[in-house]
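So the chains spell out like this:
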Amino acid sequence: MAPGILQETYNPTTVSDQTFAGKHSFPNDADSEEYARSLDSADPLRGFREKFIIPSKASLKRKSLSAVKGDEDGIYFCGNSLGLQPKCMSRYIQAQLDTWASIGVAGHFTELEESPLKPWQSMADSAAEQSCRLVGALSGEVAIANTLTVNLHLLMASFYRPTQTRNKILLEWKAFPSDHYAIESQISWHGYDPKEAMILVQPDEDHIISTRKIMSTIDEYADEIALVLLPGVQYYSGQFLDISRITEYAHSKGLTIGWDLAHAAGNVPLKLHDWGVDFAAWCTYKYMNAGPGAIAGLFVHEKHGKVEYPNGADTPVFRHRLTGWYSGDKASRFNMDNKFRPIPGAGGFQISNPSAIDLTSLCASLSVFEETSMEELRKKSLKMTAYLQHLLLKDDPERPFRIITPLDPSKRGAQLCLLLDSGLLDCVSAELQKAGIVVDQRKPGVIRVAPVPLYNSYHDVWAFAQVFRNAVGMK
Ligand SMILES: Cc1ncc(COP(=O)(O)O)c(C=O)c1O
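Attention here is on the structure that accompanies the text. (Residues numbered from 1 in each chain as written. Predicted model: local features only at pLDDT ≥ 70, side-chain atom pairs only at ≥ 80, totals over all residues. Heavy atoms only, no water.)

**With respect to the sheet that holds strand β9 (residues 279-282)**
- The sheet built from seven strands is open, its strands ordered β4-β10-β9-β8-β7-β5-β6 with mixed pairing. Edge positions in the open sheet fall to β4 (142-144) and β6 (198-201), since each of these has one partner strand only. Across the sheet, the mean angle from the axis of one strand to that of its neighbour is 20°, orientation sign disregarded.
- Sheet topology note: the strand β7 (residues 225-231)/strand β8 (residues 257-260) ladder contains four bridges and is parallel. Across the sheet, the residue bridging to V228 is I257, located in β8.
- Lying over the sheet, helix α5 (residues 177-189) contacts β5 (168-172), β6, β7 and β8, oriented at roughly 150° with respect to β6. (Pairing = 2+ DSSP bridges. Helix = DSSP H or I, 4+ residues; strand = E, 2+ residues; numbered from the N terminus. Axes fitted to C-alpha atoms, helices over the stretch in contact; angles between N-to-C directions. Contact = heavy atoms within 4.5 Å.)

Spelled out as structure tokens, the structure:
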């Protein structure tokens, strides 16, 4: 990087350990293409883009599977919805198909030379271990199984144990609908009334919920709450909640707290073990890039995962959960003797034989994360999103849009959520599409833009800002 081009102060020691927040300031020529290119050439993570298939502008318009001409890269800012495909994916999937084709059932326990894969029966454990450092878990605190909402249900089956006097679940006012429905149905299933038992924390202003507001709502209902379930990064606004403080506060009131990390896993650094989080769940198709609907992750703190045999008894003592044969100890799983011996830790929350093809795609995407760390990714992410914010907000105070996402970098992940003035969404979307830019839109007026540090470039951010400003009529 040319000296003096970027002035930034980055000091992780001055901020809460939840974040790696940095303050970035940009020079007068930051809106030049040359400046964007200079950021890319100075980016220590720039090589990761090569590990992903970036859809070309032409391919984004495809109507059939056959190849189309044109190879100019599109601009993909939708990793908050579906991450891009790692190039190694096809090699991993092919290896799984070849294993199945060549040795059939033996693939469960046989490791083939030259294969990137573990035997099918070891893949879930291996993916769980690799995921631990991404979410700040100890070995044994993560399991890979099912999908996100299913895992939320299974975790609630263990952690939501309502009584006549304590049956409420605290969630946020705009929880992702699947979470809302899952909570609603858990409450009804236990025989309580969701209208009374769902406490929706309201935002302070706009779409943002302060930690203070969450704490005061906890205070208000502390004696009636059976569970707190919140998002690590809110899907709509992109707000990164203070997981550490909120968890500590909930615990100080004797409450159990779980986190939906769909928009946090692979996006922001997490320390689930150190923060004492009771449980958490995430999908792997957003910032984790494992493919649409891929197998999900769950975290259970080690304090809840103990399995004991008091005084050498034959019957284990462990936390209640819903079980199946894959919740049971591998060594005795195939004894078929109906003597259930749960796996200690999060592994004991698995139920079924997981799909090997699904695990294969997660293993492929995790192999990319193995080459970096969440701290490095967060450092770049903070800079990219700050650059995007800078280019969108510079000059022109009369903007026909607002950024709903917190402007404080420590309170957000990669995504910025832009609320457009009424009537602008269709034409802005059309202009972005014409330019080969993929973002996520929510009617009536929101677009969510997520520069992903693994595969987006600063030039992507710059090009997006040009098209967007033009589309909303700014200079
Ligand atoms: C915050 C959040 N929770 C839950 C879900 C539902 O995930 P799944 O369909 O994998 O259960 C999503 C999906 O995008 C989400 O963003």
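**Structural notes on the state of the cysteines**
- Applying the stated criterion to the full structure yields zero disulfides.
- In this structure C363 is not part of a disulfide, and its nearest cysteine sulfur, from C88, lies 10 Å away.
- No disulfide involves C417; its sulfur sits 13 Å from the nearest other cysteine sulfur, which is in C78. (Disulfide = S-S within 2.5 Å.)

**What to know about empty space enclosed by the protein**
- Taken as a whole and assessed by the stated rule, the structure comprises one cavity of 30 Å³ or more.
- What lines the largest cavity is simply T99, G107, T110, E111, L112, S115, L117, K118, P119 and W120.
- Looking at the lining of the largest cavity residue by residue, the class counts come to four nonpolar, four polar and two charged. (1 Å grid on protein atoms, 1.4 Å probe; cavity = no way out; pocket = protein on both sides within 12 Å on 5 of 7 lines; lining within 4 Å. Points joined across faces, edges and corners; volume = space filled by probe spheres on them. Nonpolar A, V, L, I, M, F, W, Y, C, P; charged D, E, K, R; others polar.)

**Side note on the nonpolar core**
- Of all hydrophobic cores here, the largest spans 74 residues; its most connected members are V142, W259, L261, L270, L272 and L454.
- Residues lining this core come from more than one domain, with at least three contributed by each of domain 1 (7-73 + 376-471) and domain 2 (120-368).
- Leaving out residues up to four positions away in the same chain, L270 has contacts with L134, V135, G136, I243, L261, A264, A265 and W275.
- Grouped together as the second largest cluster of nonpolar side chains are 36 residues, L39, Y387, L391 and F468 included. (Core = buried A, V, L, I, M, F, W, Y, C linked by side-chain atoms within 4.5 Å. Buried < 20%, exposed > 50% of the residue type's maximum accessible area, 1.4 Å probe, protein only. Domains from an automatic or database assignment.)

**Things to note about the pairing of β8**
- Along β8, one buried face is formed by I257 and W259 and the opposite face, lined by G258 and D260, is buried too.
- At this point the chain moves from β7, through helix α8 (residues 243-252), to the parallel β8, and the crossover so formed is right-handed.
- Inspection of the sheet shows β8 paired to β9 by three bridges, in the parallel sense. Bridge pairing in β9 links D260 to A281. (Right-handed = clockwise from strand over helix to strand, strands pointing away.)

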